[in-house]
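Structural overview
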Amino acid sequence: MTYNISYTDIYDFASSGNKQGLKKWEIELGIDHKELDIPWDEDVDESLWGTVGDYCENDVIATEKVFLTPEVQEDFKAREILA
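Quick caveat, the model's predicted, so the values are computed rather than measured.

What follows concerns the nonpolar core. Grouped together as the largest cluster of nonpolar side chains are seven residues: I10, F13, W25, I31, A62, V66 and V72. Counting residues per element, the ones that place at least two in this core are α1 (10-13) and α3 (49-67). With residues up to four places along the chain from it excluded, the contact list for I31 reads E26, A62, K65 and V66.

Structure below.
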């Protein structure tokens, strides 16, 4: 089954004043930020899968909050008009 799933990257469509990484947005907006001290180029032990899942879930929630900020919404609407 095929889903109509679109992808966008906030960093890609953000205007120069809003172009920053998720960690910086989390700090600016007071969003919970988690660090994960696991090497990205190595396998993750199964005992840490829950921790990795929590980290990923936190990033998704933070990304949604950043996307919904007024300044990012304005940048997204501008991209939609251009597209």
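Turning to the environment of I81, a few remarks are in order. For I81, the location among the structural elements is in helix α4 (residues 70-82). Through-space distance from the C-alpha of I81 to that of W49 is 41 Å; in sequence the pair is 32 residues apart.

What the rule picks out here adds up to two salt bridges. Taking the shortest distance from any N to any O, the salt bridge between R79 and D12 comes out at 3.1 Å. With R79 in helix α4 and D12 in helix α1, the pair connects residues that are 67 residues apart, well separated along the chain. Of the residues examined, R79 reaches a relative accessible area of 33% and is grouped as partly exposed. The shortest N-O distance in the salt bridge between K23 and E35 comes to 2.9 Å. A residue pair is termed long-range when its members are at least 10 positions apart, and K23 in helix α2 (residues 22-29) and E35 in the loop between α2 and α3 qualify at 12 residues.

Parameters at a glance
Residues numbered from 1 in each chain as written. Predicted model: local features only at pLDDT ≥ 70, side-chain atom pairs only at ≥ 80, totals over all residues. Heavy atoms only, no water. Core = buried A, V, L, I, M, F, W, Y, C linked by side-chain atoms within 4.5 Å. Buried < 20%, exposed > 50% of the residue type's maximum accessible area, 1.4 Å probe, protein only. Helix = DSSP H or I, 4+ residues; strand = E, 2+ residues; numbered from the N terminus. Contact = heavy atoms within 4.5 Å. Salt bridge = Lys/Arg side-chain N within 4 Å of Asp/Glu carboxyl O.

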